[in-house]
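# Breakdown of the fold
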Amino acid sequence: MLAQLGSYEFLKRKFRNIGLDYTTSCFISGGLANVFCWLVSYPMDIVKTRLQLKSGEKGRIRDQAKLIWKSKGFLGFYQGIGATLCRAIVSGSFNFCTYEMVKKL
């Protein structure tokens, strides 16, 4: 969450400084901040999902991470991220833009 909010505020200021209007800068910054957040947290989400799929079996986070690394390498931690990032851009843009509009009220 800290990565998302921090990058949102940083990007919003940068886009305002280059001359974008307030709403547009919020919209673009929200989408990009959400993407950044997913890029940082996605590997752990992959490990968590694999642990959940092993219903009933005991497993450790470390064991699942090692298994992913051995079988698929670094890119194994980012399998399926394309669809997640497409969703993240849209949801982040609208969520942050709505937040800013409500805050102004």
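Residues numbered from 1 in each chain as written. Predicted model: local features only at pLDDT ≥ 70, side-chain atom pairs only at ≥ 80, totals over all residues. Heavy atoms only, no water.

### Observations concerning the overall build of the chain
This is how it is decided: Where helices and strands are cited, they refer to DSSP runs of H or I of at least four residues and of E of at least two residues respectively, numbered from the N terminus. Our radius of gyration looks at C-alpha atoms and nothing else; its globule reference is 2.2 Å times the residue count to the power 0.38. Exposure is judged per residue with a 1.4 Å probe applied to protein chains only, and the accessible area is read against the type maximum: over 50% gives exposed, under 20% gives buried, and values in between give partly exposed. The contact criterion used throughout is that any non-hydrogen atoms of two residues lie within 4.5 Å. Each accessible area is a Shrake-Rupley estimate made with a 1.4 Å probe; only the visible protein chains count as cover when residues are assessed. Charge counting treats Lys and Arg as positive and Asp and Glu as negative, with His and both chain ends excluded. Lys charges are placed at NZ, Arg charges at CZ, Asp charges at CG and Glu charges at CD.
Of regular secondary structure, the chain possesses four helices and zero strands. In the chain, the succession of α and β elements from N to C terminus is α-α-α-α. The C-alpha atoms of the chain give 17 Å as radius of gyration, which overshoots the globular expectation for 105 residues (13 Å, by more than 25%). By the burial criterion, 31% of the 105 residues in the chain qualify as buried. A fraction of 59% describes how many contacts in the chain between residues 6 or more apart in sequence connect residues 24 or more apart. If you sum the accessible surface of the chain, you get close to 7100 Å²; carbon and sulfur atoms cover 66% of it. Each charge class in the chain was averaged separately, 16 positive and 6 negative side chains, and the resulting centres sit 6 Å apart.

### Here we look at the environment of I81
Residue placement: I81 occurs in helix α4 (residues 81–104). Taking relative accessible area as the criterion, I81 reaches 14% and is therefore assigned buried. Not counting chain neighbours up to four residues away, the residues in contact with I81 comprise L39 and Y42.

### As for the packing of helix α2 (residues 22–53) against helix α3 (residues 61–72)
We apply this condition: Only the stretch in contact is used when a helix axis is fitted, and all axes are lines through C-alpha atoms; the angle between N-to-C directions ranges over 0 to 180 degrees. An angle below 35 degrees is treated as roughly parallel, one above 145 as roughly antiparallel, one from 65 to 115 as roughly perpendicular, and anything else as oblique. By the convention adopted, Pro, Cys, Tyr, Trp, Phe, Met, Ile, Leu, Val and Ala count as nonpolar, Lys, Arg, Asp and Glu as charged, and the other residues, Gly among them, as polar.
Their axes nearest at 9 Å, the elements α2 and α3 cross at an angle of 110 degrees. Taken together, the axes of α2 and α3 lie roughly perpendicular to each other. Of the residues in α3, those in contact with M44, I46, V47, R50 and L51 of α2 are I61, Q64, A65, L67, I68 and K72. Grouping the amino acids of the contact of α2 with α3 by side-chain chemistry returns eight nonpolar, one polar and two charged.

### A closer look at the packing of helix α1 (residues 2–17) against α2
Axis angle and axis distance: for two packed helices, these are the angle between their axes and the distance between the axes, and together they describe the pair. Which entries qualify depends on this criterion: Whether a crossing is left-handed or right-handed is set by the direction in which the near helix is turned from the far one by less than a right angle, anticlockwise for left-handed and clockwise for right-handed.
Following both chains from N to C, one finds α1 and α2 inclined at 145 degrees, their axes separated by 8 Å at the closest point. Like other packed secondary-structure pairs, α1 and α2 cross with a definite hand, here right-handed. Only Y22, S25, C26, I28, S29, G30, L32, A33, N34, F36 and C37 of α2 make contact with α1, whose side of the interface consists of A3, Q4, S7, Y8, L11, K12, F15 and R16. For the contact of α1 with α2, a count of residues per class yields eleven nonpolar, six polar and two charged.

### Re α2
This is how it is decided: Expected helix span is given by 1.5 Å per residue-to-residue step, counting one fewer step than there are residues. Throughout, bend refers to the angle between the axes fitted to the seven residues that end at a position and the seven residues that start at it. Two N or O atoms count as a polar contact when they lie within 3.5 Å, although within protein this holds only if one can serve as hydrogen donor and the other as acceptor, and sequence-adjacent residues are included solely when both atoms are side-chain atoms.
A rise of 1.5 Å per residue sets the reference length of α2, with its 32 residues, at 46 Å; its end C-alpha atoms lie 43 Å apart and thus fit the reference within 8%. At S41, α2 shows its largest bend, some 50 degrees, and a proline, P43, comes one to four positions later. Sitting at the head of α2, D21 places a side-chain oxygen 3.3 Å from the backbone nitrogen of T23.

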